[in-house]
Amino acid sequence: MIEVLEAGAEAGADALGPAALLASIRASRSIENTEAARQLDLAARWADLHPPESIHTAASFTVAGCEHEEPIAGPGTPLIAEFCVAELGTVLGITSVSAKKLIGHALELRHRLPRLWSQVHSGRVPAWRARAVAEVTIHSTPELTVEAAGFVDTQVAAVAGKIGPAQLDRLVAETIKRYDLAGVDPAADPEDGYLHVDPRHVTIHDEDVHFAGTVRLEAEIDLADGLDLHHALAHGAATQKALGSEESLDARRAKALGDLARTQTALDLLQHGDAGATDADGLPVAREVVLHAHFDATISGDTTVFERTGRLEEGQRLLLLEQLRSWCADSRTKITVKPVIDLNQEKCSPGYDIPDRIREHVVLRDRTCVFPFCGRPARGCDVDHVIEYDHDAEAEGRPQPGPTETENLGALCRFHHRLKTHTAWRYRMTAPGVFEWTSPHGHRYQRDRTGTTALDPPDPGPPRIPRPRR
C-alpha cells in the first residue's frame, strides 16, 4: 500500500505544471531554511552541554596533549571543550573543522549578533546568510568587541541580512574605525586618522586541486607591484609565443608566473652557495615543491607501460600522465622515482619507533587521516598504534599487545590522534586499511579507502500511515 502511494506521489509530481512546480520548489527551500536554522540552534545547545568545566576531572595535573578549553567565536562568547566538535561532525557527516565552524557561527549569532539570530529563527533571514556575517565578524582583524559586533548586528538586521560580501567588508571596516579598534594615533594619518585595513595578501588554494592539475591563486597587492607583475607576465607570455608556443594568452601568463617563481628560487639557492645539482645554465635545480604521483604500470620485458591516469596525493585528485610529463619536462625540475611498495605485504619492526619504510606503507595505504570524514593527507599525519604499544611488556616477559606492524598502524592527524588518546573514542582495524570507529555515545563508523560509512541503522522516523482507499 505504501509503495503504491509513493509511486502515486511521484507520478503526481511529474504531472505538476510550471506554477505548481515552482511553488513546490519554494516550499522545499523554506523547509530547508527552517531545518538549517534548527541545526544552528541545536549546535549552540551542543556547545552548552560541553563547557570548559566538563573537561576538568579530579586529577591535579594536566597530561600533555589532553583536551583544553577553546574559543571558537568572537569575544563575549562562551568557551567550549575542544573535542566536542568531533562527535557532532561525524553525526552530520562533515569534518571536525566544519563542525567547529558550525558551532562557532551558532555561538557568534546567539551571543554577539542576537538580532540576526532572531531573524534566522523567524524565517526572515536564511541561515547561510547569517553564517556568512558571523564568519566575517569572528575573523575580523582587528577583532570586534562586543559593542562593535552589536553595531554590525544592528546594521545588518535593519536590511534583514540582505547584504553582499563587499558591503559587509565595508561595514566591518567602518565599524573598526567607529570604535577605534586599530589603536592608531589619529594624528598619524591626517587624511584618515583611525584605520586603513590592509587588504594585501597572496593565497594559494593548494588543497583545492582541479582535475587538470591546477590550483587557484588569489592575491591583493600594491598597485605598483601589480603593474610590475602585469608587465612581467605580459613579457613572459610574449616570449613564449615568440619561441613557438601555441597556448592561449591566459595559459602563457600562468606559465610565466611559474617561471618567475622558479627563477627566483634558483637565484636564492645560488646566493646561499647551494652545491647541489645544476642545470645547463649553471643555476641549481629550482623547483622545491614535492608532489607524489601514483600510476599503475605494466612491465613487459624491458618495457614499462604506464596507465594514462593516476592519482596525485596532494589534493587527492585525478592526474593525467601527460600532465606529469609536462611538469617533468621543465629544465629545473628534480625527479625522484621511488621503488614500488607492495601494500598487500605486511611489514613489521621490533620496538616502538616506526621506520620510514613502514610509515610510507601506511601513508600509501590510508591516503588520509582514518578518522571518520577527515580528509587531511596521510603524509602529514601521525602514525598511530591502533592497539596501544606496551613499553613494559618485554621487560615483564609478556607478549606485545600492540606491535609495530602495518596491520596495527593507522594514519591520524594530530587533532584526531589526541582525540583517540584522551577520550572515549575507540577504533579497530577489521582488515588492512579498514577501520571501525565507535564514538563516546555509541555511534559506529567504517573508514576505508573509499570514505566513511555510518554503521548505525538509519532513524526510521515516525511510522507512515497509509491513506484509506476511497
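The structure we're discussing is the one just above.
Residues numbered from 1 in each chain as written. Predicted model: local features only at pLDDT ≥ 70, side-chain atom pairs only at ≥ 80, totals over all residues. Heavy atoms only, no water.

A. Layout of the overall build of the protein chain. Helices and strands together make up the secondary structure of the protein chain, namely 13 helices and 17 strands. Counting all 470 residues of the protein chain, 32% fall into the buried class. When contacts within the protein chain are restricted to residue pairs at least 6 apart in sequence, long-range pairs at least 24 apart make up 53% of them. (Helix = DSSP H or I, 4+ residues; strand = E, 2+ residues; numbered from the N terminus. Buried < 20%, exposed > 50% of the residue type's maximum accessible area, 1.4 Å probe, protein only. Contact = heavy atoms within 4.5 Å.)

B. Layout of the pairing of strand E14 (residues 426–431). Summarising the sheet, E14 and strand E15 (residues 434–438) pair through five bridges and their orientation is antiparallel. Bridging across to E15, alanine 431 finds its partner in valine 434. Between the antiparallel neighbours E14 and E15 lie two residues, among them glycine 433 with a positive phi of about 80°. (Pairing = 2+ DSSP bridges.)

C. Representation of the packing of helix H7 (residues 146–158) against helix H8 (residues 165–178). Between H7 and H8, the shortest axis-to-axis distance is 10 Å and the interhelical angle comes to 140°. Here H8 runs oblique to H7, going by the angle between their axes. H8 is crossed by H7, and the crossing has right-handed handedness. The segment H7 lies against H8, with Ala148, Phe151, Val152, Gln155 and Val156 engaging Leu168, Leu171, Glu174, Thr175 and Arg178. (Axes fitted to C-alpha atoms, helices over the stretch in contact; angles between N-to-C directions. Parallel < 35°, antiparallel > 145°, perpendicular 65-115°, else oblique. Left-handed = near helix turned anticlockwise from the far one by under 90°.)

D. Up close: the sheet that holds strand E17 (residues 451–454). The strand order E14-E15-E16-E17 describes an open sheet built from four strands, whose pairing is antiparallel. Of all the strands in the sheet, the pair left with one neighbour each is E14 and E17. In this sheet, neighbouring strand axes are inclined to one another by 25° on average, regardless of whether the strands run parallel or antiparallel.

E. Spatial organisation of the packing of helix H4 (residues 96–112) against helix H5 (residues 114–122). At their nearest, the axes of H4 and H5 sit 5 Å apart, and the two run at 110° to each other. Overall, the two elements H4 and H5 adopt an arrangement that is roughly perpendicular. Read as a crossing pair, H4 and H5 show a hand that is left-handed. Of H5, the residues touching H4 (which contributes Ala106, Leu109, Arg110, His111 and Arg112) are Pro114, Leu116 and Trp117.

F. Just a nonpolar patch on the surface, in detail. Together, Val202, Ile204, Val215, Leu217, Ile221, Leu229, Leu257 and Leu260 make up a nonpolar patch on the protein surface, roughly 630 Å² of accessible area in all. Of all the secondary-structure elements, those providing two or more residues to the nonpolar patch are strand E3 (201–205) and helix H10 (249–271). Within the secondary structure layout, valine 202 lies in strand E3. (Patch = residues over 30% accessible without salt bridge, like charges linked within 9 Å, V, L, I, M, F, W, Y side chains within 5 Å. Areas by Shrake-Rupley, 256 points an atom, 1.4 Å probe, with all protein chains shown as cover. Salt bridge = Lys/Arg side-chain N within 4 Å of Asp/Glu carboxyl O.)

G. Seen up close, the pattern of salt bridges. If you walk through the whole model with that rule in mind, you get 17 salt bridges. A salt bridge links arginine 45 to aspartate 41; its shortest N-O distance comes to 3.0 Å. With arginine 45 and aspartate 41 both in helix H2 (residues 18–48) and four residues apart, the pair spans about one turn of that helix. On the accessibility criterion, arginine 45 (48% relative accessible area) is partly exposed. As a salt-bridge pair, arginine 112 and glutamate 108 come within 3.0 Å of each other at their nearest N and O atoms.

H. Representation of the pairing of strand E13 (residues 409–412) within the structure. Burial along E13 is two-sided: the face carrying Leu409 and Ala411 and the face carrying Gly410 and Leu412 are both buried. Where strand E11 (residues 382–385) and E13 come together, four bridges link them in antiparallel fashion. Pairing of aspartate 382 across the sheet is with leucine 412, part of E13.

I. Looking closely at unusual backbone geometry. Threonine 141 connects to proline 142 through a cis peptide bond whose omega is -5°. In this structure, alanine 160 takes a positive phi of about 55° despite not being glycine. Mapped onto the fold, alanine 160 is located in the loop between H7 and H8. Its identity is not glycine, yet arginine 367 carries a phi of approximately 70°, on the positive side. Tracing the chain through its elements places arginine 367 in the loop between helix H12 (356–366) and E11.

J. Here's a closer look at the environment of glycine 442. Within the element layout of this structure, glycine 442 appears in the loop between E15 and strand E16 (444–448). Of the residues examined, glycine 442 reaches a relative accessible area of 40% and is grouped as partly exposed. As for glycine 442 and arginine 426, which are separated by 16 residues in sequence, their C-alpha atoms are 9.9 Å apart.

By themselves, these figures tell us nothing about what the structure is for.
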